[in-house]
Structures are given as structure tokens and as C-alpha cells.
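Chain and residue survey
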Amino acid sequence: MRIDVVSIFPEYLAPLKLSLLGRAQEDGLLQLDVHDLRDFAFDRHRTVDDTPYGGGAGMVMKPEPWGLALEAVLASLEAAERRPTLIVPSPAGEVFTQALAYELAEEPTLTFACGRYEGIDERVLEWAGERFRVRPVSLGDYVLNGGEVAVMAMVEAIGRLLPGVVGNPESLVEESHSDGLLEYPVYTKPSSWRGHDVPEVLLSGNHGLIARWRREQQLRRTAGRRPELLVGADASGFGREERAVLAELGYDVVDGRLERH
Ligand code: ADE
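We now turn to the structure provided with this report. All of these numbers come straight from a predicted model, not from anything done at the bench. (Residues numbered from 1 in each chain as written. Predicted model: local features only at pLDDT ≥ 70, side-chain atom pairs only at ≥ 80, totals over all residues. Heavy atoms only, no water.)

**With respect to the side chain of D121**
For the record, the criterion: The secondary structure listing takes helices from DSSP runs of H or I that are at least 4 residues long and strands from runs of E that are at least 2 residues long, numbered from the N terminus. By definition in these notes, contact holds between two residues if any of their heavy atoms fall within 4.5 Å.
Of note, D121 is situated in the loop between strand 6 (109-113) and helix 4 (122-128). Apart from residues lying up to four places away in sequence, D121 is in contact with V60, M61 and P63.

**Some points on the pattern of salt bridges**
The following threshold applies: Each reported salt bridge corresponds to a side-chain nitrogen of Lys or Arg within 4 Å of a carboxyl oxygen of Asp or Glu. Working definition: with a 1.4 Å probe on protein chains only, accessible area under 20% of the residue-type maximum means buried, over 50% means exposed, and in between means partly exposed.
For the structure on display, the rule yields 17 salt bridges. Residue R160 is joined to E175 by a salt bridge in which the shortest nitrogen-to-oxygen separation is 2.9 Å. With R160 in the loop between helix 5 (148-159) and helix 6 (170-173) and E175 in the loop between helix 6 and strand 8 (192-193), this pair connects stretches of sequence that are 15 residues apart. One salt bridge connects E241 with R212, and the closest N-O pair in it is separated by 3.0 Å. Linking E241 in helix 8 (residues 240-248) with R212 in helix 7 (residues 207-225), this pair joins segments that are 29 residues apart in sequence. Taking the relative accessible area as the measure of exposure, E241 reaches 42% and is therefore partly exposed. The exposure class assigned to R212 is partly exposed, which follows from its relative accessible area of 43%. In the salt-bridge network here, residues are joined through shared partners; they are R2, D4 and D33.

**A word on the site of the ligand**
Note the following rule: It suffices for a single heavy atom of a residue to lie within 4 Å of a molecule or strand for the residue to be listed as near it. By the criterion applied in these results, polar contacts are pairs of N or O atoms within 3.5 Å in which, for protein atoms, one can donate a hydrogen and the other can accept it, and in which residues neighboring in sequence qualify only through two side-chain atoms. Residue exposure ignores everything except the shown protein chains as possible cover, and the areas themselves are Shrake-Rupley values with a 1.4 Å probe. The nonpolar class holds Ala, Val, Leu, Ile, Met, Phe, Trp, Tyr, Cys and Pro. Asp, Glu, Lys and Arg form the charged class, and all remaining residues, Gly among them, are polar.
Near the ligand you find P89, S90, P91, V137, S138, L139, G140, Y142, V143, L144, G146 and A150, and these make up its full shell. A distance of 2.8 Å is found between a nitrogen atom of the ligand and a backbone nitrogen or oxygen belonging to L139. When the free accessible area of the ligand is taken as 260 Å², the share hidden by the protein chains comes to 96%. Secondary structure elements with two or more residues in the shell around the ligand: strand 5 (85-95) and strand 7 (133-138). By residue number, the principal contributor to the shell around the ligand is strand 5, which donates three residues. Along the lines of polarity and charge, the residues of the shell around the ligand split into eight nonpolar, four polar and no charged.

Dropping the structure here:
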């Protein structure tokens, strides 16, 4: 996969060269190019922002540098059959989820446009919409100083799903959100630590029992920490035992979906 990021703080993205994603780049599984928006601003101060029309606090990112920067990215992408995807991190976007990470991991290229200040002049998104598939995406319901941290999170979540990036692909199967539930708790040696013991069942060697216990823990943890993930969830994947645990936790299956009783 090829990823282009446009930002006024390219150094912000430096950690993406480390660890698993750094290795993925060395191995040619991921090509990550970070572009400095100021390289596309040509006045003496390389200005990228200006005051908002209509008044109000803060500054708005000027359209001209963005137009040139995105044109340069487009020109460097190989002739794609479809319009490439442009992700615009914004607290006003759709929320980034594991499902969206899986969807975006299928794309041959992704471009990220990091806004700062009060945001990017809206006409950039209109113009870009004729060339890219534009998706404003939010990390969650809170406000960051700019898109860079959100891009780091998204690129890491997407990059680790690319084939070959995570050494053991099985570890992607049983992690939180991979099946709409939170992950079960994990333990390692020693079996007893400061008076806290590893649950007996995990020492039993009985793989069937262990799998059942883990599934139950997933349901209990999700109901306790993130009940909204269960309400309305498709229940067709839940068997008799899971439904019994869910009933104990206060969830019934109504018309194939989970409801709280
Ligand atoms: N930029 C500022 N806040 C953001 C958020 N919550 N998600 C994505 N980008 C942002």
C-alpha cells in the first residue's frame, strides 16, 4: 500500500518510521511519503493560513497550497482505475472504527490531509471531491490540535492489517473489535503474583473449556465496559451458551438482534 500524508508538521509523523510499520516500509509492504504543505506556499513566509471570511476566532488553511499539494500527490500516484481515497481527519467526520480500518486496508493508495487551526477552506474538499473519494474521519468525540495524531493512529491501525505486517496474523483474529466484542483478559507466568492467581481454567490444558471461558469473558467485559457495542448487535453468531451468558448480563435476542431487558 502507498500512503501519502500532507501536513505542516511532517516531523510529527516520524514515529511511523519505527517498529512494525518501520519494518513494513523496509520490507516494501508499505510506502509512506510525508509531504510538507509549506513546500506548496510560495510567498516570503510560506503562509498556509488566513483569517476566516465571516469573522470568528482562529485561522483557516488557505486553499492554494492545498490545491497544489494534492495535485502533486495525484500526479505521483500511478493511474488508478478508481478515484483514490482522501482521508481528512476532522472531529466533524465519521468515526474511525476497526471496520473502517479493514475497509481502508483494501485500498491500493490512501492520502491523508492534516488540517490545523480551524480547518481547511471548504472549497478544497469540494475541489478534491472531483478527483478523490473524500472521507472526513474523526478519531472520536474530542478535539485534537490537528490531524497529525489522528493520522498516526489511523495509519497504524490500517498498516498492521496489511498482509505480512504482523508476524502472526492469528493475533489479528482474537483482538478487541475484530468481532465486535472486546478482547478477553490475558495472563502469563508466574501463575501466582502478589496474591493474584491466574484463573484455574487457563492452567487446565482443556482447550474447549478455555475457549468457552474466553468467550464468556469477552461478553462480560463488553457488557461492563462498552454496553453500546452489544445493543442492536446481530445475534446470529451467538450460540446457546453465549445467549445464556448474555441473558444473565441483561441481554435478550429479539428479531435476531440483542436488546436490553
Ligand atoms: N482533528 C482535530 N480533532 C480530531 C479528531 N477528533 N479526529 C480526527 N481529527 C481531528
